[in-house]
Amino acid sequence: MNTSIEKRLELKAPVSRVWRALTDHREFGAWFGVKMDGPFVPGQPAEGQITYPGYEHVRLQTVVQKMEPERFFSFTWHPYALDPQVDYSKETPTLVEFRLQKIPTGTLLVVTESGFDKVPADRRAEAFRMNDSGWAEQLSNIARHVAAG
Amino acid sequence: MSRLADASAAKRRHHAAVFAALGDETRLSLVNALSAGEPRSIAQLTGGTKITRQAITKHLRVLESAGIVHSVRTGRRSLFEFDPAPMTELQEYLGRVAGQWDQVLARLKSLVES
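Going along each chain's sequence as written, the residues are numbered from 1 onward. By the order in which they are written, chains take letters starting at A while ligands take numbers starting at 1. Local features are withheld for residues below a pLDDT of 70 in this predicted model, meaning they are given only at 70 or higher, and side-chain atom pairs are given and counted only at 80 or more; totals for whole chains, interfaces and linings count all residues.

Secondary structure elements are defined from DSSP: runs of H or I of at least 4 residues count as helices, runs of E of at least 2 residues count as strands, and each element is numbered from the N terminus. For Glu70(A), the location among the structural elements is in the loop between β4 (59-68) and β5 (72-77). Not counting residues up to four positions away in its chain, the partners in contact with Glu70(A) are Val15(A), Ser16(A), Trp19(A) and Leu100(A). Distance between backbone-placed C-beta atoms decides contact: two residues are in contact if it is within 7 Å.

Set out below in structure tokens:
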């Protein structure tokens, strides 16, 4: 079992074009389906209103982590934060990372989302404290084992 | 609406608890042993390890509270059995999040390639 999500895309566009689509808040809004309040700034919150039909009640709340031009862009957020009744700010966010790499046909974009294994702070009982040594691997071993059984 | 909200919040906490319950080597080895299929007793699970019966019991309770194992009684013995449902649920959850990424990234692709 994998505890993070990874997506790889080959885009037929130069790295500079992809970088702009990712980090210009208006362009980001166009493909992500959100009207951002303002630009992305490292270390700062960036919020917006989802425009995707059916989810217009949802606020997108991110905190920008790093912006290394044409190479790396990351932010934290609360995945699947679709319910306006829930105060997601109390929960441990996941980390979204975009990595860009120049390839002959354009740009290789690798998107990862990780941190689904973090227990919300208010529920962090001693019994649930985990060791931080490569247990994702062990999980995948188990998943294989379960699938085989 | 708020009941729905409670349900989804509880679900997310449950996901995190399942991930966390699995984040321990002793518990992973217990899950490994039990996922072979046969329910086992604490004595059977303790045998061949250097871990005390008390420690094994404590770990089993953590797995039980996350729903990964259940205790079943046969006669006077208490046995523990593996339940794959919580792990399947986690995979489905990650699958849904991944599906959302597929949708938005397809829109990104058409934007930059147009």
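As a further point, take the pairing of β4(A). A regular strand places its side chains so that they alternate between the two faces of the sheet. Residues and elements named next belong to chain A. Pairing between strands is defined by DSSP: at least two bridges between the two strands are required. Where strand β3 (residues 45-50) meets β4, five bridges bridge the pair, whose relative direction is antiparallel. Of the residues in β4, the one forming a bridge with Pro45 is Val63. In terms of strand pairing, β4 meets β5 through six bridges, oriented antiparallel. Bridge pairing in β5 places Thr62 opposite Trp77. Counting the residues in the hairpin turn of β4 and β5 gives three residues, including Glu70, whose phi is positive at 60°.

Right, let's talk about the pairing of β3(A) for a bit. Inspection of the sheet shows strand β2 (residues 34-36) of chain A paired to β3(A) by three bridges, in the antiparallel sense. Bridge assignment links Val34(A) to a residue of β3(A), and that residue is Ile50(A).

With that out of the way, let us pick up the packing of helix α1 (residues 15-23) of chain A against helix α5 (residues 85-113) of chain B. Relative orientation of the contacting elements α1(A) and α5(B) amounts to 130°, with a least axis distance of 10 Å. Classed by the angle they form, the pair α1(A) and α5(B) counts as oblique. Crossing angle aside, the handedness with which α1(A) passes α5(B) is right-handed. Counting all contacts with α1(A), which are made through Arg17(A), Val18(A) and Ala21(A), the residues of α5(B) involved are Leu108(B), Leu111(B) and Val112(B). As a working rule, the residues Ala, Val, Leu, Ile, Met, Phe, Trp, Tyr, Cys and Pro are called nonpolar, Asp, Glu, Lys and Arg charged, and the rest polar, with Gly in that last group. Grouping the amino acids of the contact of α1(A) with α5(B) by side-chain chemistry returns five nonpolar, no polar and one charged. Fitted lines through C-alpha atoms give the axes, limited to the stretch in contact for helices. The angle between two N-to-C directions lies from 0 to 180 degrees. Roughly parallel refers to an angle under 35 degrees, roughly antiparallel to one over 145, roughly perpendicular to one between 65 and 115, and oblique to any angle outside these ranges. A clockwise turn of the near helix away from the far one marks a right-handed crossing, whereas an anticlockwise turn of less than a right angle marks a left-handed crossing.

Let's shift gears to the confidence of the model for chain B. Residue and element names in this part refer to chain B. How sure the predictor is of each residue is captured by pLDDT, a score from 0 to 100. On average, residues of chain B carry a pLDDT of 83, and 89% of them reach 70 or more. Considering only residues more than four positions removed or in separate chains, one finds that residues 1-5, a stretch of pLDDT under 50, has five contacts. Complex prediction metrics read pTM 0.69 and ipTM 0.74.

The next thing to look at is the sheet that holds strand β2 (residues 69-74) of chain B. Within a sheet, each strand pairs with its neighbour through backbone hydrogen bonds, oriented either parallel or antiparallel. All names here are of chain B. A sheet is described by the order of its strands in space; here three strands give the open sequence β1-β3-β2, paired in antiparallel fashion. Pairing within the sheet leaves two strands with one partner each, and these edge strands are β1 (40-41) and β2. Of the strand pairs in this sheet, β1 and strand β3 (residues 77-82) are connected by two bridges, and their pairing is antiparallel. Counterpart to Arg40 in the pairing with β3 is Phe80. Against the sheet, helix α2 (residues 25-34) engages β1, β2 and β3, with an angle of about 95° to β3. Packed on one face of the sheet, helix α4 (residues 53-65) meets β2 and β3 and runs near 110° to β2.

Turning our eyes to something else, we now look at the confidence of the model for chain A. Residues and elements named next belong to chain A. Scored by pLDDT, chain A has a mean of 77; 67% of the residues are at 70 or more. Mean pLDDT values for the elements of chain A range from 43 in helix α3 (residues 135-148) up to 96 in α1. Below a pLDDT of 50 lies the segment residues 119-149, which in the model reaches 48 contacts outside its immediate sequence neighbourhood of four places, other chains included.

Attention now goes to the packing of helix α2 (residues 25-32) of chain A against α5(B). The N-to-C vectors of α2(A) and α5(B) enclose an angle of 120°; their axes lie 8 Å apart at closest approach. Comparing the axis directions of α2(A) and α5(B) gives the class oblique. Contact residues: α2(A) offers Ala30(A), Trp31(A) and Phe32(A), while α5(B) offers Val104(B), Arg107(B), Leu108(B) and Leu111(B). In the contact of α2(A) with α5(B), the residues fall into six nonpolar, no polar and one charged.

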